[in-house]
Amino acid sequence: MNILKDSFGRRFPYIRLSITDVCNFKCGYCLPNGYKIEKSDNRTFINTDEIGRLAKALSQLGVSKIRLTGGEPTVRKDFFEIVKILKKNSGIKKTVITTNGYRLDKIANDIKNSGLDGINISIDSLNADTFKKITGHDRLEEILKGVKKLKNLDFKNIKINAVLLKGVNDSDKDFNDWAEFIKNNEIDFRYIELMQTGENLDYFNRYHVPAKKFIDYLNNNNWVIQTFGKDAGPSKNYLNPKFKGKFGVIAPYSEDFCKSCNRLRITAKGDLRLCLFGNTGINIRHLMQKDSQLEELKDLILKQLNFKKESHYLEIGETGLTKNLSTTGG
């Protein structure tokens, strides 16, 4: 079986599949003015038939995990149909999602019943005022209710992400609040270092703080780094025997970050992106139209890996095609 492997020997068992660019939040680091239709690109979002064919091709290339992202993936009316297709007919072993938690308290039962293998929820602060300042929405309480519902339903593999922002959510109090949250909850919390994109340079310059600040907190509070799993993402995870949950750090500006890269991205309009911040992308949607195109689709994806670069070059300010994170799933 051919497997997804680039010229540097990196394998790619993990795909981030964006199913929509639409997002209903207004996070300062991504869409501060809200979602706006890209008038220069009138293509529709990939449909369920296309997603089914794509997933089958990816599973035959050794992909074991697909993460559904956006935008906000749950705004699609056929979201749970997409999950069903991936869970029942694709050969993909794990299907997980990343969500901003909108209506999580209302759809928790549906998420549990869908068979999803995990969920990442973006919660940038446990302080309601700070949360509203960052996201433009006063929804922290209902999102936390949704998390509690999932826990009560015995839903496994809940992760919470927050973007680390200087002077906003990077104090010892913020860190301690999250420590208290995960102390008796089997929930992983990860800080993501703020990344520069094509549209957020001013915001980045104002709010970027190195992930080392949180890492120093972890080292000073008896947290010990955990080894990676084979389909793990870019997070470096930390354990403490006194806590049920884990802490994690995603530090894209750290040395050798790209050496552990194990994922590719496919946008909501069918473009294969070799890197979140790459300068190249190719549309593969024309080969998702018929079952008979499966071998062609696999061949094109394999050939594209020859063009994957060794690094994202974020450290020198190269942001590639990524205008904002909603277009490529973050």
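Look up a bit, the structure's there.
Being a predicted model, the structure only gives us computed values, none of them experimental.

Colleague: Where do I start with the overall build of the protein in this structure?
Modeller: Assigned secondary structure in the protein consists of nine helices and 12 strands. In the protein, 73% of the contacts between residues at least 6 apart in sequence involve partners at least 24 apart. Of the roughly 15800 Å² of accessible surface on the protein, a fraction of 47% belongs to carbon and sulfur atoms.

Colleague: How do you make sense of the pairing of strand E3 (residues 94-99) when you look at a structure like this?
Modeller: Across a regular strand the side chains alternate sides, sitting on one face of the sheet and then on the other. Within E3, five of the six residues are buried, leaving the element largely enclosed by the surrounding structure. As paired strands, strand E2 (residues 65-69) and E3 are joined by four bridges and run parallel to one another. Bridge pairing in E3 links Lys-65 to Lys-94. Running through helix H2 (residues 79-89), the crossover from E2 to the neighbouring parallel element E3 is right-handed.

Colleague: Explain the state of the cysteines here, please?
Modeller: As used here, a disulfide is simply a covalent bond connecting the sulfur atoms of two cysteines. In total, this model carries zero disulfides according to the counting rule given. Here Cys-27 is not disulfide-linked; the sulfur of Cys-23 is the nearest cysteine sulfur, at 6.2 Å. By relative accessible area, Cys-27 is classed as buried at 11%. Looking at the unpaired Cys-30, the closest cysteine sulfur is the one in Cys-23, lying at 6.6 Å.

Colleague: Even after reading the chapter, I still don't get the sheet that holds strand E11 (residues 271-273), so can you show me in this structure?
Modeller: In any sheet, the strands associate via hydrogen bonds between backbone groups, in a parallel or an antiparallel arrangement. The sheet built from 12 strands is open, its strands ordered E7-E8-E9-E6-E5-E4-E3-E2-E1-E10-E11-E12 with mixed pairing. At either margin of the open sheet sits one strand with a lone partner, and together these are strand E7 (224-225) and strand E12 (281-283). Pairing geometry for E7 and strand E8 (residues 236-239), over two bridges, is antiparallel. Bridging across to E8, Ile-225 finds its partner in Tyr-238.

Colleague: Help me understand the nonpolar core in this model?
Modeller: Soluble globular proteins: nonpolar side chains tend toward being buried together. Formed by 85 residues in total, the largest nonpolar core has its most connected members in Leu-4, Ile-66, Leu-68 and Phe-247. Dropping the residues within four chain positions of it, Ile-66 is found in contact with Ile-15, Leu-17, Ala-55, Leu-58, Leu-86, Ile-92, Lys-94, Thr-95 and Val-96.

Colleague: Explain the pairing of strand E1 (residues 14-18) here, please?
Modeller: Across the five residues of E1, five count as buried, placing the element largely inside the fold. By the bridge criterion, five bridges tie E1 to E2 in an arrangement that is parallel. In the sheet register, Ser-18 faces E2, and the bridge partner there is Thr-69. A crossover links E1 with its parallel partner E2, the connecting element being helix H1 (residues 48-60), and its sense is right-handed.

Colleague: Honestly, the packing of aromatic side chains in this entry has me stumped. Any pointers?
Modeller: Each aromatic ring pair is characterised by the separation of its centres together with the angle its planes make. Across all of its chains, the model carries 14 aromatic pairs by this definition. Measuring from centroid to centroid gives 6.0 Å for Phe-189 and Phe-247, while their planes differ by 75°, and the two rings are edge-to-face. With Phe-189 in strand E6 (residues 187-193) and Phe-247 in strand E9 (residues 247-250), this residue pair connects regions lying 58 residues apart in the sequence. Both residues of the pair, Phe-189 and Phe-247, count as buried. Plain terms: the ring middles of Tyr-191 and Phe-214 are 4.8 Å apart, the flat faces sit at 75° to each other, and that makes the pair edge-to-face. In this pair, Tyr-191 is assigned in strand E6 and Phe-214 in helix H8 (residues 212-220), connecting sequence segments 23 residues apart. Classification of Tyr-191 as buried rests on a relative accessible area of 2%. Take Phe-214: its relative accessible area is 1%, and that puts it in the buried class.

Colleague: How should the pattern of salt bridges be read in this particular structure?
Modeller: Any two side chains of opposite charge can pair, on the condition that their charged atoms come close. Going through the model one piece at a time under the given rule, you end up with 16 salt bridges. The salt bridge partner of Lys-213 is Asp-170, with a shortest N-O separation of 3.1 Å. Of the two residues, Lys-213 sits in helix H8 while Asp-170 sits in the loop between strand E5 (158-164) and helix H6 (172-183), which places them 43 residues apart along the sequence. Residue class for Lys-213 comes out partly exposed when judged on its relative accessible area of 38%. Classification of Asp-170 by relative accessible area gives buried; the value is 6%. Each member of the salt-bridge network shares a partner with another, and the members are Asp-41, Arg-43, Lys-269 and Asp-271.

Colleague: Before we go on, may I ask you to explain H2 in this structure?
Modeller: Side chains of residues three or four places apart in an α-helix project in the same direction, reflecting 3.6 residues per turn. Burial in H2 covers these residues: Phe-79, Ile-82, Val-83, Ile-85 and Leu-86. What you see down the axis of H2 is that its buried residues fit within an arc of 160°, all on one side. Projecting away from the buried face of H2 at angles above 90 degrees are the exposed residues Lys-84 and Lys-88. Buried residues belonging to H2 abut H1, E2, E3 and helix H3 (104-114).

Colleague: Explain the packing of H3 against helix H5 (residues 140-152) to me, please; I cannot follow it from the model alone.
Modeller: Geometrically, a packed helix pair is captured by the angle between its two axes and the distance between the axes. Here H3 crosses H5 at 20°, and the two axes come no closer than 8 Å. Classified by the angle between their axes, H3 and H5 sit roughly parallel to one another. The chirality of how H3 crosses H5 is right-handed. Judged by residue contacts, Leu-104, Asp-105, Ala-108 and Ile-111 of H3 engage Glu-142, Ile-143, Lys-145, Gly-146, Val-147, Lys-149 and Leu-150 from H5.

Cut-off values and rules
Residues numbered from 1 in each chain as written. Predicted model: local features only at pLDDT ≥ 70, side-chain atom pairs only at ≥ 80, totals over all residues. Heavy atoms only, no water. Helix = DSSP H or I, 4+ residues; strand = E, 2+ residues; numbered from the N terminus. Contact = heavy atoms within 4.5 Å. Areas by Shrake-Rupley, 256 points an atom, 1.4 Å probe, with all protein chains shown as cover. Buried < 20%, exposed > 50% of the residue type's maximum accessible area, 1.4 Å probe, protein only. Pairing = 2+ DSSP bridges. Right-handed = clockwise from strand over helix to strand, strands pointing away. Disulfide = S-S within 2.5 Å. Core = buried A, V, L, I, M, F, W, Y, C linked by side-chain atoms within 4.5 Å. Phe/Tyr/Trp six-rings, centres within 6.5 Å; stacked < 30°, edge-to-face > 60°. Salt bridge = Lys/Arg side-chain N within 4 Å of Asp/Glu carboxyl O. Arc of directions from axis to C-beta. Axes fitted to C-alpha atoms, helices over the stretch in contact; angles between N-to-C directions. Parallel < 35°, antiparallel > 145°, perpendicular 65-115°, else oblique. Left-handed = near helix turned anticlockwise from the far one by under 90°.

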